[in-house]
Amino acid sequence: MKHRAGAGLRTLVLLPVLGLVILITAAASLAVGYAALPLDQAFADAIAGRASLPALVLLELRLPRALLGALVGFSLGMAGAAMQGLMRNPLAEPGVVGISSAAALGAVAAFYSGLSATVALALPLGGIAGALSATLVLFVLLGRGASTMTLILAGVALNSFAGAATALALNLAPNPYAALEIVFWLMGSLADRSMSHVWLVLPLMLAGWLLMASTAPALDALSLGEETAASLGFDLTWLLARLIGGAALAVGSAVAVTGAIGFVGLVVPHLLRPLVGHRPGKLLVASGLGGAILVLAADLGVRLAPVRPELKLGVVTALIGAPFLFALVQRLRREAL
Amino acid sequence: MRRVRRLPCALRAVPVAAGLVLAATSAASAPPERIVSLNMCTDELVLRLADRERIASVTWLSQDPRNANMADVARQVLANHGLVEQVLALKPDLVVAGAYTTRATVNLLRRVGTSPREFGVPRNLAEMRVQIREMAALLGEEARGEALIADIDTRLDALAARRPARPLRAIVLRPNGFTVGRGSLVDEILTRAGLVNIAAELGIESYGQIPLEAVALAGAEVLVLNDTPDGPPSLAHEVLHHPVITALAGKLKPVTLPSRLWTCAGPSVIDAIEQLVAATEPSR
């Protein structure tokens, strides 16, 4: 009892603290850039509605970058927590199991075919379609409680297929620049994104978040086993539909505008799980907030690192995430022995 | 796209000099009748200087009017993708290539005894004149080469007369957020159009990436957007359509210039200068 009360209190403090850290990193993201920007003047002009050059840079370049960093990070973090809760497997993550690369393939098809130039919404919808097909394939092939081994193998297959198909699509794209742009789609970046990208994906992401958040009680029940959850009155098929749909909406639209940023949904839920008393339902929002912090911080890192042109975001998250994944695999192996 | 940093002058002079020697020897024999070009920029010179009947093949790139200036003529000629088999099947008596492209093909052709003549990338109008003369001699079309150069010089003289009293400050934005700095052909084009290249002042040598933030805050009066109008989509070109560029339009003069005008150092760079002068004139 005492343990649960402590966990409850920690969760109560956790969310506001994470929120505060997001505000700080987002503010830092606005302040850090490539050109000397008089911030006070930029803010004053932006608030007064004067379209001065500093205000333009703040509103059209730095603000969308910070907003997208937070939105995409929230989507990836929450989707990671949701999938881990659903599959009851600590390695279930959009990047590792290939959902992100499938989303990139869908977005690439929508973008380079010229479809998204006529209908802007085609870009996120392409990403969502890719993410949805990959998630469905995973569940049809593996079902819930799949072993770590099968999950990873399916992920390897999906990742290599989607990566190869993306490379093919880019090679076939008529624009001579396209073939070089695979790095963006496989590694992700927030460089030169705009407010139109924010407005394009915000409603779709919000819908995805709400769908995933609505499954919190069912996820908690599911941690007691499928039969227990069903006996508590939770419809498992309906839970599955909401989670898959929500994750596809969030991850698909995120990847469509920033490319596939890996490992966020893997690292963040693991770090935060002990802090929410190992309740998968509570972990959803906390992981979202943590994901936003991680992506914002990584994006600060690529701008502060003395490497030009700037590193892709996925490079930084992989540098953090890959050792993490190895440690995790090591632990799973020890537990299996 | 030329993203490759330029080689030092000494290295670059070698292919030019070698080309001159070879040109001198081949000019004595009969002019080539089956010319194959393996580079988009040599394509353009060949298409301008030689009759179509003598051109066996040019690259597929030159057939796209969005990328190339001589696409109409190029479409009447067989296209190649710079592959050895394609070249040998055409039984050429002259192969011209760029000094930095299709390296594997050039090396293989050398081994089978069909040595291609290589052409470097001119960094200014003077080098461009030299290259036109060199190509004209190689093709046995000296008179057409001189006529082309005379036309270029006449148009340059006319442009010099229109140069403004106060040069406007300008910056070039190319796909992928690249700009053009000191020591590049485009730098000379801007100067000839009466513009001051801000990127050169910022210390950028030849080609370099520039963040959109820096473009917005550079204090430019003219923003030269190097776009491919109606081109197929790419992230590289999306940078040129970022909302901040549209918002900047109220503060400076945006000039859209198709990339093909200065992709190659050919006579069309004069078109680029003329378009720049015409676009910036009314504001003076």
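Rules of the game
- Residues numbered from 1 in each chain as written.
- Chains lettered and ligands numbered in written order.
- Predicted model: local features only at pLDDT ≥ 70, side-chain atom pairs only at ≥ 80, totals over all residues.
- Pairing = 2+ DSSP bridges.
- Helix = DSSP H or I, 4+ residues; strand = E, 2+ residues; numbered from the N terminus.
- Axes fitted to C-alpha atoms, helices over the stretch in contact; angles between N-to-C directions.
- Buried ≥ 20, exposed ≤ 12 C-beta atoms within 10 Å, placed from the backbone.
- Contact = placed C-beta atoms within 7 Å.
- Nonpolar A, V, L, I, M, F, W, Y, C, P; charged D, E, K, R; others polar.
- pLDDT = per-residue confidence, 0-100.
- Parallel < 35°, antiparallel > 145°, perpendicular 65-115°, else oblique.
- Left-handed = near helix turned anticlockwise from the far one by under 90°.
- Right-handed = clockwise from strand over helix to strand, strands pointing away.
- Domains from an automatic or database assignment.

### A word on the sheet that holds strand 6 (residues 168-173) of chain B
All names here are of chain B.
Phase 1 of the analysis: One open sheet accounts for four strands, arranged 8-6-10-11; its pairing is parallel. At either end of the open sheet lies a strand with only one pairing partner, and these are strand 8 (195-197) and strand 11 (253-258). Put simply, the sheet's adjacent strands are angled 35° from each other on average, direction ignored.
Phase 2 of the analysis: Note: strand 10 (residues 222-227) against strand 11, six bridges, orientation parallel.

### Brief notes about the environment of Ser37(B)
Phase 1 of the analysis: As for its position among the elements, Ser37(B) is in strand 1 (residues 35-37).
Phase 2 of the analysis: Note on Ser37(B): 33 C-beta atoms within 10 Å, which makes it buried.

### Points about the sheet that holds strand 3 (residues 78-80) of chain B
Residues and elements named next belong to chain B.
Phase 1 of the analysis: Overall, parallel pairing links the five strands, which are arranged 3-2-1-4-5 in an open sheet. Pairing within the sheet leaves two strands with one partner each, and these edge strands are strand 3 and strand 5 (117-119). Sheet twist, expressed as the average angle between the axes of neighbouring strands with direction ignored, equals 25°.
Phase 2 of the analysis: Of the strand pairs in this sheet, strand 2 (residues 55-59) and strand 3 are connected by three bridges, and their pairing is parallel. Among the inter-strand pairings, Thr59 is bridged to a residue of strand 3, identified as Asn80.
Phase 3 of the analysis: On top of the sheet, helix 2 (residues 40-49) reaches strand 1, strand 2, strand 4 (94-98) and strand 5; it is set at about 145° to strand 2, its chief contact.

### Re the interface of chain B and chain A
Phase 1 of the analysis: Across the boundary between the two partners, chain B contributes 25 residues, which contact 28 residues of chain A.
Phase 2 of the analysis: When contributions to the side of chain B that touches chain A are tallied by element, the ones reaching two or more residues are helix 10 (212-216), helix 11 (235-238) and helix 12 (243-248) of chain B.
Phase 3 of the analysis: Residues that form the side of chain B that touches chain A fall into these classes: 16 nonpolar, seven polar and two charged.

### Here's the deal with the confidence of the model for chain A
Phase 1 of the analysis: Across chain A, the average pLDDT comes to 91, with 97% of residues at or above 70.
Phase 2 of the analysis: Model confidence for chain A, summarised as mean pLDDT per element, is weakest for helix 1 (residues 2-31) of chain A at 84 and strongest for helix 9 (residues 195-213) of chain A at 97.

### Focus: the packing of helix 6 (residues 122-142) of chain A against helix 7 (residues 148-172) of chain A
Residues and elements named next belong to chain A.
Phase 1 of the analysis: Across the interface, helix 6 lies against helix 7 with an axial gap of 11 Å and an inter-helix angle of 140°. Of the possible angle classes, the one that applies to helix 6 and helix 7 is oblique. In this structure, helix 6 meets helix 7 at a crossing whose hand is right-handed. Where helix 6 approaches helix 7, its residues Ala134, Val137, Leu138, Leu141 and Leu142 are matched on the opposing element by Thr150, Leu151, Ala154 and Leu158.
Phase 2 of the analysis: Of the residues belonging to the contact of helix 6 with helix 7, the class tally is eight nonpolar, one polar and no charged.

### Thoughts on the pairing of strand 4 of chain B
The side chains of a regular strand alternate between the sheet's two faces.
All names here are of chain B.
Phase 1 of the analysis: In terms of burial, strand 4 is largely enclosed, as five of its five residues are buried.
Phase 2 of the analysis: Both faces of strand 4 are covered, namely the face carrying Leu94, Val96 and Gly98 and the face carrying Val95 and Ala97.
Phase 3 of the analysis: For strand 1 and strand 4, the ladder comprises three bridges, and the chain directions are parallel. Bridging from a neighbouring strand, Ser37 pairs with Val96 of strand 4.
Phase 4 of the analysis: Crossover strand 4 to strand 5 through helix 5 (residues 103-111) is right-handed.

### A word on the confidence of the model for chain B
Residue and element names in this part refer to chain B.
Phase 1 of the analysis: Summary statistics for chain B give a mean pLDDT of 87 and a share of 89% for residues scoring 70 or more.
Phase 2 of the analysis: Contacts of residues 1-27 to residues separated by more than four positions or lying in other chains number 25 contacts, the stretch itself having pLDDT below 50.
Phase 3 of the analysis: On the interface metric, ipTM, the complex scores 0.86, and its pTM is 0.87.

### What to know about the domain arrangement of chain B
All names here are of chain B.
Phase 1 of the analysis: Along its sequence, chain B is organised into domain 1 (9-141) and domain 2 (163-280).
Phase 2 of the analysis: Each of domain 1 and domain 2 was reduced to a C-alpha centroid, and the two centroids are 29 Å apart.
Phase 3 of the analysis: Looking at the side of domain 1 that touches domain 2, the elements that each hand over two or more residues are helix 2 and helix 6 (125-139).
Phase 4 of the analysis: For the side of domain 1 that touches domain 2, the leading source of residues is helix 2, giving five residues.
Phase 5 of the analysis: Across the side of domain 1 that touches domain 2, the residue classes tally to eight nonpolar, three polar and four charged.

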